[in-house]
Amino acid sequence: MDSVVQDSADQQPQPQKIQIYPTVTTGVSPFWRDKYERDAMKYWDRFYRQHEDRFFKDRHYLDKEWGQYFSGARGKALLEVGCGAGNAIFPLIATYPEIFVHACDFSSRAVDLVKTHKDYTENRVNAFVCDLTIDDLSRHISPSSIDVVTMIFVLSAVSPEKMFLVLRNIKRVLRPNGYVLFRDYATGDLAQERFSCKDQKISENFYVRGDGTRAFYFSNDFLTSLFKENGFDVKEFGLCCKQVENRARELVMNRRWLQAVFQFSDGLNSFSSTEGEVKVGIIGQDIQELELKENNLKDSMNNNEVDMSEGLAEMFGISPSNNNEIIEVNLKGMNFKIEALSKEYQHTCKSTGLMLWESARLMASVLAENPITVAGKKVLELGCGCGGICSMTAVKSADLVVATDGDTQALKLLSRNVNSNLGPPLLAKLSTKVLDWGNREHIEAIKEINSEGFDVIIGTDVTYVPEAIFPLFATARELISTNRSNSEDQQPVLVLCHVWRRVDEPSLLSAASQFGFRLVDKWSARLSDQSGSSIVSSWFPKDISTESIGDTALIIMYFHRE
């Protein structure tokens, strides 16, 4: 029987690396696309609730870049669109004491931050909440009264199909020949390149960040066409390129943004979008020729300030732990504080290992209530993710525990969680190791820790990608103990806890059989009557309620090695 099973197993492909999440990027689903649009204000409110006024640098470069538009006639009126926490407003009113600034944002929390700023005064600033795709600006500002509008990394947060509504709204309050000063993300920016390998694309050049806020990346033609079609002439236009070095992380990052000045006029003196080429310096590289427009901002490349939200959080050294939360798990006699990815970031995170799943909670509670299951045994956990709560629970009774995952990010977080929750002598009995199912080198490294095989192998929510099922069982067969025993509770076992998703039960059992695993028992949280003498049912109190389990779709499958 063993030789037949082994021959069958050898015929199966043994990939070098298996990911238990899909690798094909399909973009954001229609449901989430609509949700991000509908709840855009909520996501930005959450952003400012978390970061307040600490996220952006004050934009002192506005005076350096566009000082001629702010100075001159007395009492100029400005409109800051998407004012955020006021990082552009307050440097401007400090530099130009005679200007008056209207400031709007569709995040009420952002506007509150402006109003509570130490330099806020109503005779200099009028701050108000406004969604420029819906609300009429002229209800807050007199028509044709604004000299200059600033739009600094704000239009990119608007759906491209609604951007024209913003420009039409601005025209209602802008004086004839008034100016729009613009700076925003350009196509080819490093942040966009990072989005391209994730399921975060909403539409062409439009993406959602991990926190639910969105970013559009402008091409030269799209931006100039958008403004021209809505009654603006191009006065200045430039593509700014810059290499930013993060020495702490040893990263050199290519940032790209468009900077322009548009004028609201009669359209008789429109700037040609095909005129001229200029040389633009790229910091840290040789001067390169780029197809840019005349009158480009000559000092842009000498300015060391780069203020782009995607860059600050993801690329400029803010700790990834800012996106994490601490989850408390209380089990019988054990209390764990698990660092995991915050729920608000999980919907765009490709790694499933950075979350704490209900199946892991259920199996950890089983091990806490039934320590005899692993007492004195050698335990292996497959795909444990960042939490490792099953392994940390098992190590209290087991002789040896090895917690594994193929995701290096999850393993780093797992190591932190293990070290912060366990102390000696338990730490000495628990090892964390990388293990891509089917990877011969990884398997041999596990065998060096325990050459005799494992008495108990546990996997929670590791069965939902069809491509991973054969490597899962192949790896389990390689690492499970070959010791035989007439006693039921002494036989090597493989325990899987999961919710049925993309793999059905017949397919799973067929794969298990091909690698020499026989289903001995099965338990379902949905069945109210778990009476009988089955192995798994004996792990639970007879009066257990479905409410205490969590996800009622969970099942547990108990296998023996043939």
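In this text the structure is predicted, and so the values were computed from the model without any measurement. Each chain has its residues counted from 1, following the order in which its sequence is written. Restriction of local features to residues with pLDDT of at least 70 applies here, the model being predicted, together with a cutoff of 80 or more for giving and counting side-chain atom pairs; totals for whole chains, interfaces and linings are based on all residues. Calculation of side-chain values draws on the structure's entire complement of heavy atoms; hydrogens and water are dropped beforehand.

Comments concerning the packing of helix α2 (residues 30-38) against helix α3 (residues 40-51)
Move 1: Axis angles are defined between N-to-C directions and span 0 to 180 degrees, where every axis is a line fitted to C-alpha atoms and, for a helix, only to the segment in contact. Per the convention used, a helix needs a DSSP run of H or I reaching at least four residues, while a strand needs a run of E reaching at least two, with both numbered from the N terminus. One way to put it is that α2 packs onto α3 with a least axis distance of 4 Å and a crossing angle of 65 degrees. Considered as vectors, α2 and α3 are oriented roughly perpendicular to each other. On the side of α2, the interface is formed by Trp-32, Lys-35, Tyr-36, Glu-37 and Arg-38, while α3 contributes Ala-40, Lys-42 and Tyr-43.
Move 2: Each residue is assigned to one of three groups, with Ala, Val, Leu, Ile, Met, Phe, Trp, Tyr, Cys and Pro labelled nonpolar, Asp, Glu, Lys and Arg labelled charged, and all others, Gly among them, labelled polar. Residues belonging to the contact of α2 with α3 are distributed by class as follows: four nonpolar, no polar and four charged. Put simply, angles under 35 degrees are roughly parallel, angles over 145 are roughly antiparallel, angles from 65 to 115 are roughly perpendicular, and the rest are oblique. Whether two residues are in contact is decided by their heavy atoms: any pair within 4.5 Å suffices.

Let's talk about the pairing of strand β13 (residues 324-331)
The two faces of a sheet get side chains in turn, since along a regular strand they alternate between them.
Move 1: DSSP bridges decide pairing: two strands pair if at least two such bridges lie between them. Bridge count for β13 against strand β14 (residues 334-341) is eight bridges, and the pairing is antiparallel. Residue Asn-330 lies in a different strand from β14, and its bridge partner there is Asn-335.
Move 2: Hairpin connection between β13 and β14: a loop of two residues separates the two successive antiparallel strands, and Gly-333 in this loop has a positive phi of roughly 75 degrees.

A look at the sheet that holds strand β7 (residues 206-208)
Strand pairing in a sheet is mediated by backbone hydrogen bonds. Such pairs are either parallel or antiparallel.
Move 1: Strand order in this open sheet of three strands is β6-β7-β8, and the pairing throughout is antiparallel. Edge positions in the sheet fall to β6 (201-203) and β8 (214-216), since each has one partner strand and no second. When strand polarity is set aside, the average angle formed by the axes of neighbouring strands in this sheet is 30 degrees.
Move 2: Pairing analysis gives three bridges linking β7 to β8, with the strands arranged antiparallel. From the neighbouring strand, Phe-206 faces β8, where its bridge partner is Phe-216.

Some remarks on the sheet that holds strand β20 (residues 517-524)
Move 1: Pairing is mixed across the open sheet formed by seven strands, whose spatial order is β17-β16-β15-β18-β19-β21-β20. The strands lining the two open edges of the sheet, one partner per strand, are β17 (430-434) and β20. Neighbour-to-neighbour, the strand axes of the sheet open up by a mean angle of 20 degrees, direction not taken into account.
Move 2: Most of the contacts of helix α16 (residues 440-449) go to β17, to which it runs at about 165 degrees, and overall it touches β15 (378-382), β16 (400-405) and β17.

Topic: the nonpolar core
Move 1: Put simply, buried Ala, Val, Leu, Ile, Met, Phe, Trp, Tyr and Cys residues joined by side-chain atoms within 4.5 Å make one nonpolar core. The cut-offs for exposure are 20% and 50% of the maximum accessible area for each residue type, with area from a 1.4 Å probe on protein chains only; residues under the lower value are buried, those over the upper are exposed, and the others partly exposed. Counting 51 residues, the largest nonpolar core has Phe-336, Ile-389 and Ile-556 as the members making the most contacts within it.
Move 2: With seven residues, helix α12 (residues 358-369) is the single largest residue contributor to this core.
Move 3: Leaving out residues up to four positions away in the same chain, Ile-556 has contacts with Leu-362, Met-363, Val-495, Leu-496, Cys-497, Asp-521, Lys-522, Trp-523, Val-536, Trp-539 and Phe-540.
Move 4: Within the second largest apolar cluster, 44 residues are counted, among which are Met-151, Ile-170, Ala-186 and Val-208.

Treat this as a map of the structure, not an account of what it does.
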